[in-house]
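Single-letter residue listing:
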Amino acid sequence: MKKLTILSGAGISAESGIQTFRDSNGLWENHSVTEVASPQGWRNNRELVLEFYNQRRRQLHEVEPNDAHKLLAELEKYYEVQIITQNIDDLHEKAGSSKVLHLHGELFKSCSCNNKNLIYEQKEDIKIGDKAADGAQLRPFIVWFGEDVPLMKEAARHAKEADIFLVIGTSLQVYPAAGLLQDIKDTCLLIVINPDDSMGYGKRAVVMKETATTGMKILFDKLVNMA
Ligand code: OAD
């Protein structure tokens, strides 16, 4: 089986009703990214950060995967599919994808604020005073700006091994994730789905100026034929 590696971003979940990060003047649900997604934000105001992710987590109970997530899951019949997502939602898994690497963490997990290896399943709100086994406050299991991206090495391996690399719904503004495009082989077919084609992907990319669901519906049969 050929290997199909996917790099997904907020745009793939937009049609499920989850807001993207950079389509609203750099504000994420009316907060600056530094306020809610950085160690500095956490030091300044833990309540605000916890409440922000509590709201995102509550919303996640309400939303469903869309056709783009579902078609990617369906492709496992034809390819060795590896998803690398920058998203913290679980919509790829809910759609049935079996190999999903969450580069930026997961909303349905928490960890000790002193030890990111002490990880817990977290379906409900995190409150001030909720503690990990080491006695430290629980925090969302999210990679914030300025923090290490521990799964990057594994992601780079999946990019290198890809016969087809599909980039879907990401602005490629955030590194090191965006750098994965540099890791693909010369023979790898690079496909991009994004309604905004103003970013420079280089000459070799096949760019589909479509939303995630429309783009995946067009691409699905072509990918099946190439398998
Ligand atoms: P962005 O918000 O930066 O980019 C979303 C992309 O999705 C844009 O390029 C849009 O054009 C595209 N888009 C919008 N609607 C779409 C649709 N219906 N179908 C397909 N594409 C659509 O989100 P990311 O690139 O995911 O990190 O952002 C990367 C990281 O920055 C996130 O993981 C997050 C953020 O700050 C952390 O929280 C650590």
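Residues numbered from 1 in each chain as written. Predicted model: local features only at pLDDT ≥ 70, side-chain atom pairs only at ≥ 80, totals over all residues. Heavy atoms only, no water.

- As annotated in an unreviewed UniProt entry, the protein is NAD-dependent protein deacylase from Chryseobacterium defluvii.
- Recorded in UniProt for the protein, the comment headed Function (unreviewed entry) runs: "NAD-dependent lysine deacetylase and desuccinylase that specifically removes acetyl and succinyl groups on target proteins. Modulates the activities of several proteins which are inactive in their acylated form."
- We quote the UniProt Subcellular location (unreviewed entry) comment for the protein here in full: "Cytoplasm". (UniProt positions renumbered as here; feature names shortened; annotations may be inferred.)

1. Some words on the domain arrangement of the protein
Okay, so step 1: Domain boundaries in the protein define domain 1 (1–18 + 65–104 + 150–227) and domain 2 (20–62 + 105–142).
Okay, so step 2: Relative to domain 2, the C-alpha centre of domain 1 lies at a distance of 25 Å.
Okay, so step 3: On the domain 2 side, the residues contacting the 17 residues of domain 1 number 13 residues.
Okay, so step 4: A combined buried area of about 1100 Å² lies between domain 1 and domain 2, and 60% of that area is made up of carbon and sulfur atoms.
Okay, so step 5: Viewed at the interface, domain 2 and domain 1 are joined by zero salt bridges.
Okay, so step 6: Where domain 1 meets domain 2, there are three residue pairs in polar contact (both at pLDDT 80 or more).
Okay, so step 7: Elements that contribute at least two residues to the side of domain 1 that touches domain 2 include exactly α1 (10–14) and α6 (91–95).
Okay, so step 8: Looking at which element gives the most residues to the side of domain 1 that touches domain 2, the answer is α1, with three residues. (Domains from an automatic or database assignment. Contact = heavy atoms within 4.5 Å. Buried area = accessible area lost by both parts, 1.4 Å probe. Salt bridge = Lys/Arg side-chain N within 4 Å of Asp/Glu carboxyl O. Polar contact = N/O pair within 3.5 Å; in protein donor to acceptor, adjacent residues only side chain to side chain. Helix = DSSP H or I, 4+ residues; strand = E, 2+ residues; numbered from the N terminus.)

2. Topic: the sheet that holds strand β9 (residues 164–168)
Okay, so step 1: The parallel open sheet is built from six strands, whose spatial order is β5-β4-β1-β9-β10-β11. Two strands lie at the open edges of the sheet, namely β5 (100–102) and β11 (206–208), each paired on one side alone. When strand polarity is set aside, the average angle formed by the axes of neighbouring strands in this sheet is 15°.
Okay, so step 2: Pairing analysis gives five bridges linking β9 to strand β10 (residues 189–193), with the strands arranged parallel. Residue pairing for β10: leucine 166 is matched across the bridge by isoleucine 191.
Okay, so step 3: Those strands touched by helix α7 (residues 152–161) are β1 (3–8), β4 (80–85), β5 and β9, and its axis lies near 130° from that of β1.
Okay, so step 4: Against the sheet, helix α8 (residues 212–226) touches β1, β9, β10 and β11, its axis set at about 155° to β10. (Pairing = 2+ DSSP bridges. Axes fitted to C-alpha atoms, helices over the stretch in contact; angles between N-to-C directions.)

3. Things to note about the environment of tyrosine 53
Okay, so step 1: Structurally, tyrosine 53 is set in helix α4 (residues 46–62).
Okay, so step 2: When its relative accessible area of 1% is taken as the criterion, tyrosine 53 is described as buried.
Okay, so step 3: Counting along the chain gives 95 residues from tyrosine 53 to aspartate 148, while the straight-line C-alpha distance between them is 20 Å.
Okay, so step 4: Ignoring any residue separated from it by four or fewer positions in sequence, one finds tyrosine 53 in contact with Trp28, Val36, Ala37, Ile88, Leu107, Pro140, Ile142 and Trp144. (Buried < 20%, exposed > 50% of the residue type's maximum accessible area, 1.4 Å probe, protein only.)

4. Considering the packing of helix α5 (residues 67–74) against α8
Okay, so step 1: Remark: α5 packs on α8, axes separated minimally by 8 Å, with the N-to-C direction vectors making an angle of 30°. Here α8 runs roughly parallel to α5, going by the angle between their axes. Crossing hand, α5 versus α8: left-handed. Touching Asp67, Ala68, Leu71, Leu72 and Glu74 of α5 are Ala212, Thr213, Met216, Lys217 and Phe220, all from α8.
Okay, so step 2: Residue composition of the contact of α5 with α8, by class: six nonpolar, one polar and three charged. (Parallel < 35°, antiparallel > 145°, perpendicular 65-115°, else oblique. Left-handed = near helix turned anticlockwise from the far one by under 90°. Nonpolar A, V, L, I, M, F, W, Y, C, P; charged D, E, K, R; others polar.)

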